[in-house]
Amino acid sequence: MSATTLLLPFALPPAEHAKDLLAALDAPALACLLARAQPGRRQDSEPFAAALPHEALLANASADNSPTVAHALMQNLGLTPPDGHWFVLQPVHFHVARDHLVLTDLRQLDLDDTQSRDLFNAAQPLFEELGHAVRFGNARYWFLQAAAWRDLRTCTPDAAAGHNVDIWLPRGTDERGWRRLHNEVQMLWHTHPLNEQREARGQRRVNALWLWGGSSTQDAWPQRYAQILAGAPVVTTDTDTRFDDAPVASALAGDWGSWLAAMQGIETRHAAPLLDALRSGASTRVILQLTDAQRVREWQVSRAGVRKFWRTPSLARLAG
């Protein structure tokens, strides 16, 4: 391999915890790569962007709207992408804060294919009565056709996770049409036996839907992003591209103990082998792309750079 790009979402710790977290993180290979690298791109997203920085990078898109991923994701889940404008539709849980609703991270929902199919089958007539075709992909991903909503600004669920949903809900032409339909589904699911069973087992109720990722046949389809969402192997071409989202769930939950464990795993899976590859000549360059909810920080380290032994290994750059 000549070059490797390693994209690590939420590998940048929050400023208020950075000092303590970096003191506790034992990652000598990552520290060596960072200390001996040249700084590259520094990019900051606008507050309330529609996609997280790593999502925009993966989709090669701006963060002004959620990536146009619906058709590519359908394709990766084994569905034939139909004509028209389609959205990704995901069953989710809204929990009640003091005076607003908050979107729970979808990784915490624990919804299997059978349960998801039951909820899909119950809601399908509501969509079709209004002329919206729907498709079932898997437990996490459904798809909805809605040409009238093509101008909606929608946000990715990870961008909205843990936040007041009012800020992140679809906005634009006929947003009321979506809200009316969504309310009908919520009322239907409120008394659905599955939710009663889930609550009795101590699981979260599935009480809402998240609409995003609208695309048409003429749009560019972000295949790499869709492959990652679908859990499929990422196909790369001229460079070796690696992506590891292990820190994401921990960061979204503010669980910094498990974040440290995730970062230790990245040290073993990626940083140490990449450092060895540079030292042996198997690789000539490593590009590190690290993000959080608003920042992208990039460093590039070459084979010659990693030999600069006078630069003491340090994780300090993660705090900047």
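It should be noted that the structure appears before, not after, this text.
Keep in mind it's a predicted model, so treat the numbers as computed, not measured. (Residues numbered from 1 in each chain as written. Predicted model: local features only at pLDDT ≥ 70, side-chain atom pairs only at ≥ 80, totals over all residues. Heavy atoms only, no water.)

A. Up close: the packing of helix α2 (residues 28–35) against helix α11 (residues 256–280). Viewed as axis vectors pointing N to C, α2 and α11 meet at an angle of 55°, and their least axial separation amounts to 7 Å. On the basis of their axis angle, the class for α2 and α11 is oblique. As for how α2 packs across α11, the hand of that crossing is left-handed. Across from P28, A29, L30, C32 and L33 in α2, the residues of α11 making contact are M263, E267, A271, A272, L275, L278 and R279. Across the contact of α2 with α11, the residue classes break down as 10 nonpolar, no polar and two charged. (Axes fitted to C-alpha atoms, helices over the stretch in contact; angles between N-to-C directions. Helix = DSSP H or I, 4+ residues; strand = E, 2+ residues; numbered from the N terminus. Parallel < 35°, antiparallel > 145°, perpendicular 65-115°, else oblique. Left-handed = near helix turned anticlockwise from the far one by under 90°. Contact = heavy atoms within 4.5 Å. Nonpolar A, V, L, I, M, F, W, Y, C, P; charged D, E, K, R; others polar.)

B. Representation of helix α8 (residues 193–200). The complete set of buried residues in α8 reads L194, N195 and R198. Considered in projection along α8, the buried side chains sweep an arc of 95° and stay on one side of the axis. Its buried side turned inward, α8 meets α5 (113–129) and α7 (175–190). G202 sits one or two positions beyond α8 and adopts a positive phi of about 85°. (Buried < 20%, exposed > 50% of the residue type's maximum accessible area, 1.4 Å probe, protein only. Arc of directions from axis to C-beta.)

C. Inspection of the environment of E55 at higher detail. Secondary-structure assignment places E55 in helix α3 (residues 53–59). The contact partners of E55, leaving out residues within four places of it in the chain, are P67, T156, D158 and Y225.

D. Layout of the environment of S216. With respect to the secondary-structure elements, S216 resides in the loop between β8 (208–215) and α9 (223–230). Residue classification places S216 among the buried residues on the basis of a relative accessible area of 2%. Apart from residues lying up to four places away in sequence, S216 is in contact with H71, G84, H85, R150 and W221. In this structure the side chain of S216 is engaged in a polar contact, spanning 3.3 Å, whose partner is the side chain of R150. (Polar contact = N/O pair within 3.5 Å; in protein donor to acceptor, adjacent residues only side chain to side chain.)

E. Broad picture of the nonpolar core. Ranked by size, the top nonpolar core spans 65 residues in total, and within it L30, W210 and L315 carry the most contacts. Here the element with the most residues in this core is α11; it accounts for eight residues. Discounting chain neighbours no more than four positions away, the residues touching L315 are L22, L25, A27, L30, A31 and L34. Membership of the second largest hydrophobic core comes to 24 residues, among which are F87, L119, W142 and A146. (Core = buried A, V, L, I, M, F, W, Y, C linked by side-chain atoms within 4.5 Å.)

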